[in-house]
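Residue strings, one per chain:
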Amino acid sequence: MNKKIVLHSLAQIALIEAGLMLLPAAVALYYGETKTLQVFLIVAACVAALQVPIILLTKIKDTDNMNFRDGVAIAVSAWIVISLFGALPFYVSGEIPNFCNAFFESISGFTTTGSSILTDMEALTKGMQFWRCFTHWVGGMGVLVLTVAILPSDKKSSSLQLMRAECPGPTVEKLVPKGKSSALILYVIYAVLTLIMIIFLVFGGMPLYDSVCTAFGTAGTGGFGIKNAGLGFYNSAYIEGVVTVFMIMFGINFNMYYFIVIKRFSDIFKNSELKLYLGTIIVSIGLICANTMAYGVYGSFSKAFRYSSFQVGSIMTSTGFATADFDQWPEFSKVILVLLMFIGACAGSTGGGFKVSRVLILVRTAKRNLRKLLHPKSVNVVKSDDKSLNLETVHGVSGYLIIYILIFFVSLLIISLNNLDFTTSFTSVTTCFNNIGPGLNKVGPMCNFSQLSDLSKYTLSLDMLLGRLECIPVLMMFAPSMWIKKLY
């Protein structure tokens, strides 16, 4: 691993974060929040002052090449660094006086998890609320994707190594030959969709500030809000409908939007991941709608459809917004929501979870194995969109499932030390590991994570990072081969 490249890249990323803090500073200035303005300016200045010497001392030469190990080290370290620096405004201002809580809130924002320790979100200043929601938008598409899109790079391989390290799923690919161009295309699509959503929300009567913060939380599929009552505060079917549609849209692989731009519609229509994703949403909405009506939770079909569609879209895309206390729904409906937490959104989207593409590969692998048992001499391959998947991809998904399960249950054991009920412990790990937001019972949509111990909060913070980077890059950091050139 080239430590100079890693340090240089981390310093650049931290410098970008310092620059981004000027946006909430401007918001604080607009609303006359002098103390918040000073906090952001001081923190940004201190972070920048620390990074400039590092950048100068670790100047990259033409002979320095980034490899995959360097990309992994940068990916993992960058998310930790931005979360630590991102926690400083909360902590220094005193609005979240406990650093463990401030770090939990920060990493929950950047990883787009949306789990919170706050009991009163409206007590935060406007500038701090903006920063809290803005972390979702920054982390939604990926910190390293943003870095690749912004910073100039004359290394053809560097940008791709960073993007692959941050998005190690089975369907990661470039949109165009150059990684930097791919990153720019992704962020243009991301920004345009966010802007369109803001316009729709403003048209529906939501104030501009509220619309921007809500769009940040939706685009990043994070779920941080600015009202204690969540989106239910607005009591608007139109606003909830707009958010529902855009949550689902941001859960779709962004390659699909690029295909629309270049008019490759056939690739969209035959995409099996997209079909399974939308099909799962439609079936889940139908089942929950029928179940809640059967138990008299809602008096009309329109209300049942309104709330079930919103929560299905919110949970499956890992956004985590809530307009209803789904913890009070029938058990059948709650079980469906928990299952959706595990499935998650599409690969290549801003959503979290295990990812629909992996579920699809596992199902087709099981089907292939069953056919092999029935017809031992037959030749069976796992296909995706009429393309045969190589064994490395299939085995990679199976291996990821094993790692996923092991990490989940180790985390569950640690959280159980709080001596809370099983549903609370289980769903707290589920929701943080899959970057969802709310769980059930004491971490439900009307509750928060403040009652957990510091050990549990740090454990869940690590789970958020593992879930966001899909485990493998984080685990690679513990491998000896990451730190030495050869093993004898």
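Residues numbered from 1 in each chain as written. Predicted model: local features only at pLDDT ≥ 70, side-chain atom pairs only at ≥ 80, totals over all residues. Heavy atoms only, no water.

A. Local environment of a nonpolar patch on the surface. A cluster of nonpolar residues, Val 188, Val 192, Ile 196, Phe 200, Phe 203 and Tyr 238, forms a patch on the protein surface that exposes about 580 Å² of accessible area. Top contributing element to the nonpolar patch by residue count: helix α9 (residues 179–203), with five residues. Structurally, Tyr 238 can be placed in helix α11 (residues 237–250). (Patch = residues over 30% accessible without salt bridge, like charges linked within 9 Å, V, L, I, M, F, W, Y side chains within 5 Å. Areas by Shrake-Rupley, 256 points an atom, 1.4 Å probe, with all protein chains shown as cover. Salt bridge = Lys/Arg side-chain N within 4 Å of Asp/Glu carboxyl O. Helix = DSSP H or I, 4+ residues; strand = E, 2+ residues; numbered from the N terminus.)

B. Just the packing of helix α2 (residues 22–30) against helix α6 (residues 126–141), in detail. Here α2 crosses α6 at 150 degrees, and the two axes come no closer than 8 Å. Judged by the inter-axis angle, α2 sits roughly antiparallel to α6. As α2 runs across α6, the sense of the crossing is right-handed. In this structure, α2 uses Leu 23, Pro 24, Val 27 and Ala 28 to contact α6, whose residues at the interface are Lys 126, Gly 127, Phe 130, Trp 131 and Phe 134. Looking at side-chain class alone, the contact of α2 with α6 contains seven nonpolar, one polar and one charged residues. (Axes fitted to C-alpha atoms, helices over the stretch in contact; angles between N-to-C directions. Parallel < 35°, antiparallel > 145°, perpendicular 65-115°, else oblique. Left-handed = near helix turned anticlockwise from the far one by under 90°. Contact = heavy atoms within 4.5 Å. Nonpolar A, V, L, I, M, F, W, Y, C, P; charged D, E, K, R; others polar.)

C. Examining the packing of aromatic side chains more closely. A complete count under the given rule lists 36 aromatic pairs for this structure. Judged by centre distance (5.5 Å) and plane angle (85 degrees), the ring pair of Tyr 91 and Phe 99 falls under edge-to-face. The side chain of Lys 126 reaches across the aromatic face of Tyr 31, ending 5.6 Å from its centre. Lying across the ring of Phe 354, Arg 358 places its NZ or CZ 6.0 Å from the centre. (Phe/Tyr/Trp six-rings, centres within 6.5 Å; stacked < 30°, edge-to-face > 60°. Lys NZ or Arg CZ within 6 Å of the ring centre and 35° of its normal.)

D. Representation of the side chain of Ser 308. Note on placement: Ser 308 falls in helix α15 (residues 301–316). A polar contact is formed between the side chain of Ser 308 and the backbone oxygen of Ala 304, at a distance of 2.6 Å. One polar contact links the side chain of Ser 308 to the main-chain carbonyl oxygen of Phe 305, over a distance of 3.3 Å. If sequence neighbours within four positions are ignored, Ser 308 has contacts with Ile 285, Ile 288, Cys 289 and Trp 329. (Polar contact = N/O pair within 3.5 Å; in protein donor to acceptor, adjacent residues only side chain to side chain.)

E. Just the packing of α2 against helix α3 (residues 34–57), in detail. Where α2 contacts α3, the axes come no closer than 8 Å and their chain directions differ by 160 degrees. By the angle between their directions, the pair α2 and α3 is classed as roughly antiparallel. In terms of crossing hand, the pair formed by α2 and α3 is left-handed. Contacts from Leu 22, Pro 24, Ala 25, Ala 28 and Leu 29 in α2 reach Thr 36, Leu 37, Phe 40 and Leu 41 in α3.

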